[in-house]
Amino acid sequence: MNGIDSVLIEIIEEAIVNSPFDFGIPQYGGLRTAEDQNKLYQQGRDLPGSIVTNVDGYVKKSYHQTGKAFDIYAYVDGKASWKVEHLTAIAEHLKQIAKDCYGIELTWGGDWTKFKDMPHFQI
Ligand SMILES: [Zn+2]
């Protein structure tokens, strides 16, 4: 969580206590350099894999580059999960905690219509 905005860290730490599913932050799920972001952008383009972002880190900057975003994975039955049902349940919980305890409208990538980013949160 190094470099993530302190209020986001507070929300995460508060939410993990009663979360419907355990969750964690993957590598590059917190603060990213422009180079980190660009490497993710190349995935599914110049590098193998599927496209995970439309933000290249230089022309378009990610909220991850300012510490105003984090990604999660669910941790269910002893392993990482990116299932929609797990991420949705955790997202609802995180948004509720952010609102009730901090008066913050946490933005969840799963609510986006154009490019759904289920593991992503930002302020
Ligand atoms: Zn993200």
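None of these values were measured; they are calculated from a predicted model. (Residues numbered from 1 in each chain as written. Predicted model: local features only at pLDDT ≥ 70, side-chain atom pairs only at ≥ 80, totals over all residues. Heavy atoms only, no water.)

Points about unusual backbone geometry
Definition in use: For every residue, the accessible area (1.4 Å probe, protein chains only) is compared with the maximum for its type, and the residue is labelled buried under 20%, exposed over 50%, or partly exposed between those bounds. The helix and strand labels rest on DSSP assignments: H or I over at least four residues marks a helix, E over at least two residues marks a strand, and numbering proceeds from the N terminus.
Of note in the backbone geometry, Y28 takes a positive phi value of approximately 65° without being a glycine. The class of Y28 is partly exposed, set by a relative accessible area of 36%. Residues other than glycine seldom take positive phi values, yet D77 does so here, at roughly 50°. Along the chain, D77 turns up in the loop between β3 (73-76) and β4 (79-81). A relative accessible area of 75% means that D77 is categorised as exposed.

Side note on the nonpolar core
We count it as follows: We call a set of buried Ala, Val, Leu, Ile, Met, Phe, Trp, Tyr and Cys residues a nonpolar core when their side-chain atoms join them within 4.5 Å. Any two residues whose heavy atoms approach within 4.5 Å are treated as being in contact.
The biggest cluster of nonpolar side chains holds 22 residues, and the ones touching the most others in it are I11, F23, F70, I72, L94 and F121. Where this core is concerned, the elements lending two or more residues are α1 (6-17), β3 and α3 (84-102). No other element matches the six residues that α3 contributes to this core. When neighbours within four sequence positions are excluded, F121 is seen to be in contact with K68, A69, F70, I72, A91, L94, L106, T107 and W108.

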